[in-house]
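Take a look at the letters that make up each chain.
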Amino acid sequence: MKKNKIIVALDSDNLIKTKQLVKRLKNQVFAFKIGYEFFFNFGIDGYQKIKKICPNIFLDLKLHDIPNTVNKGIKAIQKLDPILTTIHISGGDEMMKASKIKHNNTKILGVSILTSLDKDQTSKYYNKKKIKELVKKFVTEAKRNKLDGVVCSPMEIKYIREIVGKKFLIVTPGIRLKNKMPSKDDQKRTLTPKKAISLGASFLVIGRPITASQNPLETIKEINKSLS
């Protein structure tokens with residue numbers, strides 16, 4: 001499984017269909033990502049049902065709170081044993097330090113700037129039009145505070161890899177398949193799987209291009225083939 005680079009996002013409110021999908025795709029993925037929609041619909045019980053089928057889970061809850069609350073949240077998440085989970089880098093130094101608890105096998109990824117934001121939105125909410133400068137600042141602090149990796153858009157991979165070196169994890173959403181872009185898309189900064197990996201991404205998070213395709217298994221096989 002180590003060779004696989006794809007994390008399939010399970011954004012769903014149908015547990016039966018999701019379990020069927022996981023069974024079909026489990027041998028083609030590195031992990032499955034469980035986020036708000038699935039977790040809030042099906043909770044820990046639903047999480048465990050997916051984990052029983054495929055043990056590699058990326059629990060993407062993007063913790064963002066005071067340090068003590070995040071510390072306790074990470075301790076609770078650790079009991080679920082995901083391989084990856086997320087916090088917001090913008091929570092600050094002490095919050096990031098509080099997420100790094102002893103004997104935690106779960107890798108902590110810092111979220112920099114959401115891939116749904118463009119320069120107008122970063123200018124409005126972060127007072128910076130240049131996304132590159134903002135992401136560089138966030139990633140530098142994530143590494144300094146000893147997080148295990150970051151989540152970033154494909155457009156930031158190259159210069160982030162230059163900052164963090166080879167071992168730091170870069171997990172990349174905003175992946176779209178060539179000639180198969182959805183007509184309505186809330187992702188603003190996207191690239192194809194092959195290009196993202198060539199720039200230095202460790203793993204790719206792909207949801208709708210796989211899960212909403214007519215044949216998800218064939219789609220992910222095509223992606224894996226393109227990366228080999």
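Residues numbered from 1 in each chain as written. Predicted model: local features only at pLDDT ≥ 70, side-chain atom pairs only at ≥ 80, totals over all residues. Heavy atoms only, no water.

### Some thoughts on helix α7 (residues 157-164)
We apply this condition: Working definition: with a 1.4 Å probe on protein chains only, accessible area under 20% of the residue-type maximum means buried, over 50% means exposed, and in between means partly exposed. Elements are defined by DSSP. Helices are runs of H or I of four residues or more, strands are runs of E of two residues or more, and each kind is numbered from the N terminus. Here a residue-residue contact requires only that any non-hydrogen atoms of the pair lie within 4.5 Å.
Within α7, the full set of buried residues consists of I157, Y159, I160, R161 and V164. Of the surrounding elements, those touching the buried residues of α7 are α6 (131-144), β6 (149-151), β7 (169-172) and α8 (193-199). Looking at the residues trailing α7, positive phi occurs at G165, about 85°.

### Remarks on helix α10 (residues 216-227)
This is how it is decided: Expected helix span is given by 1.5 Å per residue-to-residue step, counting one fewer step than there are residues. Here the arc refers to the set of directions running from the helix axis out to each C-beta atom.
Over its twelve residues, α10 runs 17 Å from end to end, which matches the ideal 16 Å to within 8%, given 1.5 Å per residue. Among the residues making up α10, those that are buried are P216, L217, T219, I220, I223 and N224. One face of α10 carries all of its buried residues, which in axial projection span an arc of 165°. For α10, the secondary structure elements touched by its buried residues are β1 (6-9), α1 (15-25), α8, β8 (203-206) and α9 (208-211).

### Focus: the pattern of salt bridges
Filter applied, for reference: Salt bridge criterion: a side-chain nitrogen from Lys or Arg within 4 Å of a carboxyl oxygen from Asp or Glu.
Tallying each qualifying case throughout the model produces eight salt bridges. The salt bridge partner of D45 is K49, with a shortest N-O separation of 3.3 Å. Separated by four residues within a single helix, D45 and K49 lie in helix α2 (residues 36-53), roughly one turn from each other. The partly exposed category is assigned to K49, whose relative accessible area is 34%. Salt bridges here are not isolated pairs; linked through shared partners, they connect K33, D60 and K62.

### Concerning unusual backbone geometry
Unlike most non-glycine residues, D81 shows phi in positive territory, near 60°. For D81, the position within the fold is in the loop between α3 (67-78) and β4 (84-88). In this structure D81 comes out as partly exposed when scored by relative accessible area, which is 41%. One non-glycine residue, K146, adopts positive backbone phi at about 65°. For K146, a relative accessible area of 63% gives the class exposed.

### Some points on the sheet that holds strand β2 (residues 31-34)
We apply this condition: Two strands are said to pair when DSSP picks up at least two bridges between them. Every axis corresponds to a line fitted to the C-alpha atoms, with the helix fit spanning only the stretch in contact, and the corresponding angles, defined between N-to-C directions, vary from 0 to 180 degrees.
Strand order in the closed barrel formed by eight strands is β1-β2-β3-β4-β5-β6-β7-β8, and the pairing between neighbours is parallel. Across the sheet, the mean angle separating the axes of adjacent strands is 25° when strand polarity is ignored. By the bridge criterion, three bridges tie β1 to β2 in an arrangement that is parallel. The residue of β2 that forms the bridge with V8 is F32. Strand contacts of α3: β3 (57-63), β4 and β5 (107-111), with the helix running at about 165° to β3, the strand carrying the most contacts. Most of the contacts of α10 go to β1, to which it runs at about 155°, and overall it touches β1 and β8.

### Considerations on the packing of α6 against α7
For clarity, the cut-off: Left-handed describes a crossing whose near helix is turned anticlockwise from the far helix by less than a right angle; the clockwise case is right-handed. All residues other than Ala, Val, Leu, Ile, Met, Phe, Trp, Tyr, Cys, Pro, Asp, Glu, Lys and Arg, Gly among them, are scored as polar; the first ten of these are nonpolar and the last four charged.
Between α6 and α7, the least distance of the axes is 10 Å, while the angle of their chain directions is 30°. Here the hand of the crossing between α6 and α7 comes out right-handed. Within the contact between the two elements, α6 uses I131, K132, V135, K136, V139, T140 and K143 and α7 uses Y159, I160, I163 and V164. Tallied by class, residues from the contact of α6 with α7 come to seven nonpolar, one polar and three charged.

By themselves, these are just geometric observations and shouldn't be taken as functional.
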